[in-house]
Amino acid sequence: MFVYLNALFVGLLILSNIISVKLFSIGEFIILPAAAIVYVITYLITDVVGEVYGKDAAMKIVRAGFFTQIVALVFVFAAIHLPAAASFGMQAEFEMIMGGSFRVMLASLLAYLVSQHIDVAIFHKLKKQHGEKKLWLRNNLSTISSQLLDTIIFIVIAFVGVVPTGVLISMIITQYLFKALVAIVDTPVTYLLVRLAKKEQAKAKTNTATVQAG
């Protein structure tokens, strides 16, 4: 299951960078980048991996995500500057969208480096204190704390000069509250994934022991 969690983590990171260019609104005052519906799930994944496979494993997928985003940046830059075919009539639109995505990816990288490391550090500090108990506490506290820095860094770098200052502040507040709410709501999902991963891990250990005994 670790492989699938790793793949999902990296895939969601790249997807969030691409769709962050779009802003959507909920009502009159809530403005969010489209990535808000995706990126917050990556913290759930690192918490699950850290809980089941340990801190080193959680840091491995964080590093894998960083490396993959660097590779994505290189290819996005290359795609923008490839000479457009005569039959391709949307080069300007492509540059507008993917160029915005390039800036978003840079913002995401900086926010990612800070927030994911803080998330893992807080999670495992609490795990050291409580052992297997209070997963809900370390899951929520680590995510809510790290997401505050992530939101501020990402929104400022990605959208300063693009949207008015009032909108920028509104985006920071509303996106953080949204992420905090999602972190609380997805707690049962965290427990479910941890249970499934531990069950698979136990089964793998049993199979290994059986093979060695045979």
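K.L.:
Tell me about the overall build of the chain, residues and numbers included.
P.N.:
For the chain, the count of helices and strands is seven helices and two strands. Taking the principal axes of its C-alpha atoms as reference, the chain extends roughly 65 × 40 × 25 Å. With 214 residues in all, the chain has 41% of them scored as buried. Within the chain, the 11 negative side-chain charges are centred at a point lying 12 Å from the centre of the 17 positive side-chain charges.

K.L.:
Describe the environment of Val 40, with residues and values.
P.N.:
Here Val 40 shows up in helix α2 (residues 40-53). Placed 24 residues apart in sequence, Val 40 and Ser 16 show a C-alpha to C-alpha distance of 9.5 Å. Apart from the residues within four sequence positions on either side, Val 40 is in contact with Gln 147, Lys 179 and Val 182.

K.L.:
I'd love a proper account of the packing of helix α5 (residues 135-159) against helix α6 (residues 165-185), names of residues and values included.
P.N.:
The geometry of α5 relative to α6 is characterised by a closest axis approach of 9 Å and an angle of 155 degrees between their N-to-C directions. As summarised for this structure, α5 and α6 are arranged roughly antiparallel, according to the angle between their axes. With respect to the hand of their crossing, α5 and α6 are arranged in right-handed fashion. For the pair α5 and α6, contact is made by Asn 139, Asn 140, Thr 143, Ile 144, Gln 147, Leu 148, Asp 150, Thr 151, Ile 152, Ile 155, Val 156 and Phe 159 and by Leu 168, Met 171, Ile 172, Gln 175, Tyr 176, Lys 179, Ala 180, Ala 183 and Ile 184, respectively. In terms of residue class, the contact of α5 with α6 is made up of 13 nonpolar, six polar and two charged.

K.L.:
Could you give me a rundown of the packing of aromatic side chains, with the residues and numbers involved?
P.N.:
On inspection of all chains with the given rule, the structure shows five aromatic pairs. Taking the centre distance of 6.3 Å and the plane angle of 50 degrees together, the rings of Phe 9 and Tyr 112 count as tilted. Here Phe 9, found in helix α1 (residues 2-19), pairs with Tyr 112, found in helix α4 (residues 91-130); they are 103 residues apart in sequence, far enough to count as distant. Taken individually, Phe 9 and Tyr 112 each receive the classification buried, so the pair is uniform in this respect. Where Phe 154 meets Phe 159, the ring centres are 6.2 Å apart and the plane angle is 85 degrees; that geometry is what we call edge-to-face. Residues Phe 154 and Phe 159 agree in their burial class; the two are buried.

K.L.:
Summarise a nonpolar patch on the surface; cite the residues concerned and give the values.
P.N.:
A cluster of nonpolar side chains, Leu 148, Ile 152, Val 156 and Val 160, forms an exposed patch at the surface whose accessible area comes to about 280 Å². The residue Val 156 is located in helix α5 in this model.

K.L.:
Please set out the packing of α2 against helix α3 (residues 55-81) residue by residue, giving values where relevant.
P.N.:
Two numbers describe how α2 lies on α3: the axes approach to 6 Å, and their chain directions differ by 145 degrees. In the crossing of α2 with α3, the sense of the turn from one axis to the other is right-handed. In this structure, α2 uses Ile 45, Thr 46, Val 49, Gly 50 and Tyr 53 to contact α3, whose residues at the interface are Lys 55, Ala 57, Ala 58, Ile 61 and Val 62. Considering only residue class, the contact of α2 with α3 consists of seven nonpolar, two polar and one charged.

K.L.:
Lay out the pattern of salt bridges with the relevant residues and their values.
P.N.:
Side-chain pairs of opposite charge can arise whenever the charged atoms involved come near each other. A full pass over the atoms with the stated rule returns six salt bridges. Here Lys 127 ties to Glu 51 by a salt bridge, and the two come within 3.3 Å at their closest N and O atoms. With Lys 127 in helix α4 and Glu 51 in helix α2, this residue pair connects regions lying 76 residues apart in the sequence. You'll find Lys 127 and Glu 51 in the same group, each marked buried. Residue Glu 132 is joined to Lys 127 by a salt bridge in which the shortest nitrogen-to-oxygen separation is 3.3 Å. Linked through salt bridges whose partners overlap, the residues forming this network are Glu 51, Lys 127, Glu 132, Arg 138 and Lys 198.

K.L.:
Describe the pairing of strand β2 (residues 30-33), and please don't skip the residues or the numbers.
P.N.:
Consecutive residues of a regular strand have side chains that alternate between opposite faces of the sheet. As paired elements, strand β1 (residues 23-26) and β2 share four bridges and run antiparallel to each other. Paired with Phe 24 across the two strands is Leu 32, which belongs to β2. Counting the residues in the hairpin turn of β1 and β2 gives three residues, including Gly 27, whose phi is positive at 75 degrees.

Reading guide: rules and limits
Residues numbered from 1 in each chain as written. Predicted model: local features only at pLDDT ≥ 70, side-chain atom pairs only at ≥ 80, totals over all residues. Heavy atoms only, no water. Helix = DSSP H or I, 4+ residues; strand = E, 2+ residues; numbered from the N terminus. Buried < 20%, exposed > 50% of the residue type's maximum accessible area, 1.4 Å probe, protein only. Lys, Arg positive; Asp, Glu negative; His and termini not counted. Charge placed at Lys NZ, Arg CZ, Asp CG, Glu CD. Contact = heavy atoms within 4.5 Å. Axes fitted to C-alpha atoms, helices over the stretch in contact; angles between N-to-C directions. Parallel < 35°, antiparallel > 145°, perpendicular 65-115°, else oblique. Left-handed = near helix turned anticlockwise from the far one by under 90°. Nonpolar A, V, L, I, M, F, W, Y, C, P; charged D, E, K, R; others polar. Phe/Tyr/Trp six-rings, centres within 6.5 Å; stacked < 30°, edge-to-face > 60°. Patch = residues over 30% accessible without salt bridge, like charges linked within 9 Å, V, L, I, M, F, W, Y side chains within 5 Å. Areas by Shrake-Rupley, 256 points an atom, 1.4 Å probe, with all protein chains shown as cover. Salt bridge = Lys/Arg side-chain N within 4 Å of Asp/Glu carboxyl O. Pairing = 2+ DSSP bridges.

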